[in-house]
Amino acid sequence: MSRLVTIYGGSGFIGRYIARRMAKAGWRVRVACRRPNEAIFVRPYGVVGQVEPVFCNIRDDASVAQVMQGAEAVVNCVGILAESGKNRFDAVQAEGAARIARIAAENGVSRLVQISAIGADEDASSDYARTKALGEAGVREHFPQAVILRPSIVFGPEDEFFNRFAGMTRFSPVLPLVGAATRFQPVYVDDVAKAAEKAVREEAPAGVYELGGPDVASFRALMHQMLEVIHRRRLVMNTPNWIARIMASVLDFMQWATAGLFSNGILTRDQVKNLAHDNLVATDARGFEDLGIEPVSMGAVLPDYLWRFRPSGQYDAIKDSARKLRT
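Below or above, wherever it landed, is the structure these notes cover.

Conventions and cut-offs
- Residues numbered from 1 in each chain as written.
- Predicted model: local features only at pLDDT ≥ 70, side-chain atom pairs only at ≥ 80, totals over all residues.
- Heavy atoms only, no water.
- Patch = residues over 30% accessible without salt bridge, like charges linked within 9 Å, V, L, I, M, F, W, Y side chains within 5 Å.
- Areas by Shrake-Rupley, 256 points an atom, 1.4 Å probe, with all protein chains shown as cover.
- Salt bridge = Lys/Arg side-chain N within 4 Å of Asp/Glu carboxyl O.
- Helix = DSSP H or I, 4+ residues; strand = E, 2+ residues; numbered from the N terminus.
- Axes fitted to C-alpha atoms, helices over the stretch in contact; angles between N-to-C directions.
- Parallel < 35°, antiparallel > 145°, perpendicular 65-115°, else oblique.
- Contact = heavy atoms within 4.5 Å.
- Nonpolar A, V, L, I, M, F, W, Y, C, P; charged D, E, K, R; others polar.
- Left-handed = near helix turned anticlockwise from the far one by under 90°.
- Expected span 1.5 Å × (residues − 1).
- Bend = angle between axes of the 7 residues up to and from the residue.
- Core = buried A, V, L, I, M, F, W, Y, C linked by side-chain atoms within 4.5 Å.
- Buried < 20%, exposed > 50% of the residue type's maximum accessible area, 1.4 Å probe, protein only.
- Pairing = 2+ DSSP bridges.
- Phe/Tyr/Trp six-rings, centres within 6.5 Å; stacked < 30°, edge-to-face > 60°.
- Lys NZ or Arg CZ within 6 Å of the ring centre and 35° of its normal.

### Brief notes about a nonpolar patch on the surface
So, point 1. A cluster of nonpolar side chains, contributed by Trp242, Ile246, Val250, Phe253, Met254 and Trp256, occupies part of the molecular surface with about 710 Å² of accessible area.
So, point 2. Inspection of the secondary structure assignment puts Val250 in helix α8 (residues 241–257).

Encoded structure:
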């Protein structure tokens, strides 16, 4: 019988790529998520019955334990960028990660992979970064042999970074940024999945790995590169930090005042805090090189999925050639 891996958050952005890789490697994959009916797209990653989405609430011990039954390996990809309802940073990223690690140890799971983030720091002012670090601590406490992966900002066809700002160019002549000078080291989503696969297959020693791509650039420079790919000209403007804090406070208050009817997916105070710090791989950290992986550059991937934001979409290059012929 094929080995089984349970992937918590396996229908999310990073999780689906890990699920696809594990299925191709011949593993049975159990995709644990909150809405399995919306995750049926993972089933074709393998043969019939090989990849199955199942319901799980990582805030509940019984729910976590149930979907872990029979699993040889566990991957935790669950994380949130903003709080909503009962999904608070502490409950999901700190307590949830520790719960998965504790139950994995109790059930004799062989391997555990935790997807964290660069910038995880228990002393951080940002709740996102603080709870990522607390989650790592909980994992190490209950499952010392775990592999912890800390990616920088992740890009790929389903990302909420380049897609979001490219979408804004369709109706706005200006791209307002918070922390335009903040530097990132974007990493391709499938490279993160490769690292997770190696960890599951015991090809990576236990410990922390920081994952960043070959390109290092400021937020502003990333937006200019994106604009070149989508063939658009827009004014890239930095929003002063004090103005960003006021905007985020108003948006957070609206979410609170409406009891969540208005969900602040625009800008939160916690995101403003995060954007004040560079998101780069530490010089002394283990990374892709230690895993034998050569990360893919942004230039090799962005055109493959951002073409739809060009003025004429897939026909933009053809129209440009036609204009040159006329002249």
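Now, onward.
### Focus on the packing of helix α3 (residues 89–106) against helix α4 (residues 127–142)
In a packed pair of helices, the relevant descriptors are the angle between the two axes and the axis-to-axis distance.
So, point 1. Between α3 and α4, the shortest axis-to-axis distance is 8 Å and the interhelical angle comes to 10°. One element, α3, and the other, α4, form an angle in the roughly parallel class. Note on element contacts: α4 touches α3 through Asp127, Tyr128, Arg130, Thr131, Lys132, Leu134, Gly135, Gly138, Val139 and His142, opposite Phe89, Asp90, Gln93, Ala94, Ala97, Ala98, Ala101, Arg102 and Ala105.
So, point 2. Grouping the amino acids of the contact of α3 with α4 by side-chain chemistry returns nine nonpolar, five polar and five charged.

### A closer look at the packing of helix α2 (residues 61–68) against α3
So, point 1. One way to put it is that α2 packs onto α3 with a least axis distance of 10 Å and a crossing angle of 50°. Between α2 and α3, the angle falls in the class oblique. Note on packing geometry: the crossing formed by α2 with α3 is right-handed. Where α2 approaches α3, its residues Asp61, Val64, Ala65 and Met68 are matched on the opposing element by Arg99, Ile100, Arg102, Ile103 and Ala104.
So, point 2. Considered class by class, the residues forming the contact of α2 with α3 number six nonpolar, no polar and three charged.

### Describing α3
So, point 1. The end-to-end C-alpha distance of α3, which contains 18 residues, comes to 25 Å, matching closely the 26 Å that a straight helix rising 1.5 Å per residue would cover.
So, point 2. At Glu95, α3 shows its maximal bend, which comes to roughly 35°.

### Let's talk about the nonpolar core
So, point 1. If you look at the biggest cluster of nonpolar residues, it comprises 72 residues, and the most contacted ones within it are Ile18, Phe162, Met223, Met226 and Leu306.
So, point 2. Contacts of Ile18, omitting those with residues within four sequence positions, involve Ile7, Val75, Cys77, Ile115, Ala193 and Ala196.
So, point 3. Ranked by size, the runner-up nonpolar core spans 26 residues in total, among them Ala32, Val74, Val139 and Ala146.

### Notes on the pattern of salt bridges
Opposite charge on two side chains permits pairing when their charged atoms draw close.
So, point 1. One pass over the full model with this rule turns up 20 salt bridges.
So, point 2. For Asp127, the salt bridge goes to Arg130, with nearest N and O atoms at 3.3 Å. You can see Asp127 and its partner Arg130 sitting in helix α4, three residues apart, about one turn around the helix.
So, point 3. If you follow the salt bridges from partner to partner, you end up with Arg21, Asp190, Glu197, Lys198, Arg201 and Glu203 in one network.

### Describing the sheet that holds strand β2 (residues 28–33)
So, point 1. The strand order across the open sheet built from seven strands is β3-β2-β1-β4-β5-β6-β11, with neighbouring strands paired in parallel fashion. Either end of the sheet is taken by a strand with one partner, and the two such strands are β3 (51–55) and β11 (207–211). Ignoring strand direction, the axes of neighbouring strands in this sheet form an average angle of 20°.
So, point 2. In terms of strand pairing, strand β6 (residues 147–151) meets β11 through five bridges, oriented parallel. By the bridge assignment, Leu149 is partnered in β11 with Tyr209.

### With respect to the side chain of Gln255
So, point 1. Along the chain, Gln255 falls in helix α8.
So, point 2. Apart from the residues lying within four places of it in its own chain, the contact partners of Gln255 are Glu83, Ser84, Gly260, Phe262, Ser263 and Asn264.

### As for the environment of Leu306
So, point 1. Looking at where Leu306 falls in the secondary structure, it is placed in helix α11 (residues 302–306).
So, point 2. The sequence separation of Leu306 and Val229 amounts to 77 residues, and the corresponding C-alpha distance is 7.1 Å.
So, point 3. For Leu306, the contacting residues outside a window of four places in its chain are Phe162, Asn163, Ala166, Met226, Val229 and Ile230.

### Remarks on the packing of aromatic side chains
Each aromatic ring pair is characterised by the separation of its centres together with the angle its planes make.
So, point 1. Under the criterion given, the structure shown has 11 aromatic pairs.
So, point 2. Where Phe155 meets Tyr188, the ring centres are 5.7 Å apart and the plane angle is 35°; that geometry is what we call tilted. With Phe155 in strand β7 (residues 154–155) and Tyr188 in strand β10 (residues 187–188), this pair connects stretches of sequence that are 33 residues apart. Note on accessibility: Phe155 and Tyr188 belong to one class, buried.
So, point 3. Within the aromatic cluster, the residues linked to one another by ring pairs are Phe155, Phe161, Phe162, Phe165, Phe184, Tyr188 and Phe219.
So, point 4. Just above the ring of Tyr45 sits the side chain of Arg20; from NZ or CZ to the centre is 4.4 Å.

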